[in-house]
Amino acid sequence: MFRWPALPVALVIAALAAGPADAANKTPRKSADKGELSYKWTDEHGVVHYGDHVPPEYAKSERAVLNADGVVIRRLEAEKTPEQRAADELRNRDVEARRQHDRFLLTTYTSVRDIEALRDQRLEQIVGQSNAARQYLDSLNTRLSGLQAKAQLYKPYNSDDAARRMPDDLAADLVRTVSELRAQNNIVLSKQQEHAGVARQFQADIERFAELQSGRAERY
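Just so it is clear, the model here is predicted, and its values are computed rather than measured.

Peer 1: Go over the packing of helix 2 (residues 82-108) against helix 4 (residues 168-214) with me, naming the residues and quoting the values.
Peer 2: Axis separation between helix 2 and helix 4 bottoms out at 10 Å; the angle between their running directions is 80 degrees. Taken together, the axes of helix 2 and helix 4 are roughly perpendicular relative to one another. Residues H101, D102, L105 and L106 of helix 2 lie in contact with helix 4, whose contacting residues are Q201, D205, R208, F209, L212 and Q213. Residues belonging to the contact of helix 2 with helix 4 are distributed by class as follows: four nonpolar, three polar and three charged.

See the structure below:
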């Protein structure tokens, strides 16, 4: 009777140790049916698996579709978290806004000079508004000086025992003038910031327009 040659004990142990885990890491055999597809996915331990379907617990993970020859023909991305979807949406909105701005530049202007002309007009308007606010600020300071001079005649600014209490209308006028001074100071400051911001924006538009016209710009 024919006897199979005895295998070394070490080989038998190695074969038993391989078990299903190693089998899962092997590429599936080619199928006679060339239209048959299989899937490849990785579990939470980093082990790669193959099969004719993806287990439900990995259905939302990144996975690949393979043809009968074991070649990846399509990749399916993992389902994104709400935070990832929100980040993608923000990124897409930013790209679309840039694309629309590029279209605006190309359809609104014919040359860099057109942009510079509009820039100068806008900046001149802001300077005019700022100058008007400064003039009003000067008049408020003059008015405040006059009110403060009057207030010196009354208590608590006048320590003379014979000095009378400050009239209510004078006190109210002082409060209103100081409040208006603060508001006008804020307006002057905001106009300075607006001027700088508009200048920066127009400079960026000039540079972008030049890139678009030259064909060197990356299109969004």
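Peer 1: Help me get a handle on the pattern of salt bridges, residues and values and all.
Peer 2: Taken as a whole, this structure holds twelve salt bridges when the rule is applied. The closest approach of N and O atoms between R93 and E89, which form a salt bridge, is 3.5 Å. With a gap of four residues between them, R93 and E89 both fall in helix 2, about one helical turn apart. By relative accessible area, R93 is classed as partly exposed at 48%. We note a salt bridge from D102 to R208, for which the minimum N-O separation is 2.6 Å. With D102 in helix 2 and R208 in helix 4, the pair connects residues that are 106 residues apart, well separated along the chain. According to the relative accessible area criterion, R208 is buried, its value standing at 14%. Linked by salt bridges that have partners in common, E96, R99 and R103 make up one network.

Peer 1: Could you give an account of the sheet that holds strand 4 (residues 72-76), naming the residues involved and the relevant values?
Peer 2: If you walk across this open sheet you meet the four strands as 2-1-3-4, and the pairing is antiparallel. The open sheet is flanked by strand 2 (48-51) and strand 4, the only strands paired with a single partner. The sheet shows a mean angle of 25 degrees between the axes of neighbouring strands, taken without regard to direction. Both strand 1 (residues 38-42) and strand 3 (residues 63-66) contribute to a ladder of four bridges, which runs antiparallel. Across the sheet, Y39 pairs through a bridge with V65, a residue of strand 3.

Peer 1: Help me get a handle on a nonpolar patch on the surface, residues and values and all.
Peer 2: On the surface, L37, V71 and I73 cluster together into a nonpolar patch covering about 250 Å² of accessible area. Along the chain, V71 falls in the loop between strand 3 and strand 4. Accessibility expressed as a relative area gives 45% for V71, which makes it partly exposed.

Peer 1: Lay out unusual backbone geometry in plain terms, naming residues and giving numbers.
Peer 2: Residues K155 and P156 are joined by a peptide bond in cis, for which omega reads 10 degrees. Take P156: it is sitting in the loop between helix 3 (112-151) and helix 4.

Peer 1: Residues and numbers for the nonpolar core, please.
Peer 2: Counting twelve residues, the largest nonpolar core consists of A133, L137, L140, L144, L147, A151, Y154, M166, L170, L174, L181 and V188. Breaking this core down by element, the ones donating at least two residues are helix 3 and helix 4. If you tally residues by element for this core, the top one is helix 3, at six residues. Excluding residues that lie within four positions of it along the chain, M166 makes contacts with A151, Y154, K155, Y157, A171 and L174. Core analysis: the next-biggest nonpolar cluster, separate from the first, contains ten residues, L105, Y109, L123 and I206 among them.

About the thresholds
- Residues numbered from 1 in each chain as written.
- Predicted model: local features only at pLDDT ≥ 70, side-chain atom pairs only at ≥ 80, totals over all residues.
- Heavy atoms only, no water.
- Axes fitted to C-alpha atoms, helices over the stretch in contact; angles between N-to-C directions.
- Helix = DSSP H or I, 4+ residues; strand = E, 2+ residues; numbered from the N terminus.
- Parallel < 35°, antiparallel > 145°, perpendicular 65-115°, else oblique.
- Contact = heavy atoms within 4.5 Å.
- Nonpolar A, V, L, I, M, F, W, Y, C, P; charged D, E, K, R; others polar.
- Salt bridge = Lys/Arg side-chain N within 4 Å of Asp/Glu carboxyl O.
- Buried < 20%, exposed > 50% of the residue type's maximum accessible area, 1.4 Å probe, protein only.
- Pairing = 2+ DSSP bridges.
- Patch = residues over 30% accessible without salt bridge, like charges linked within 9 Å, V, L, I, M, F, W, Y side chains within 5 Å.
- Areas by Shrake-Rupley, 256 points an atom, 1.4 Å probe, with all protein chains shown as cover.
- Core = buried A, V, L, I, M, F, W, Y, C linked by side-chain atoms within 4.5 Å.

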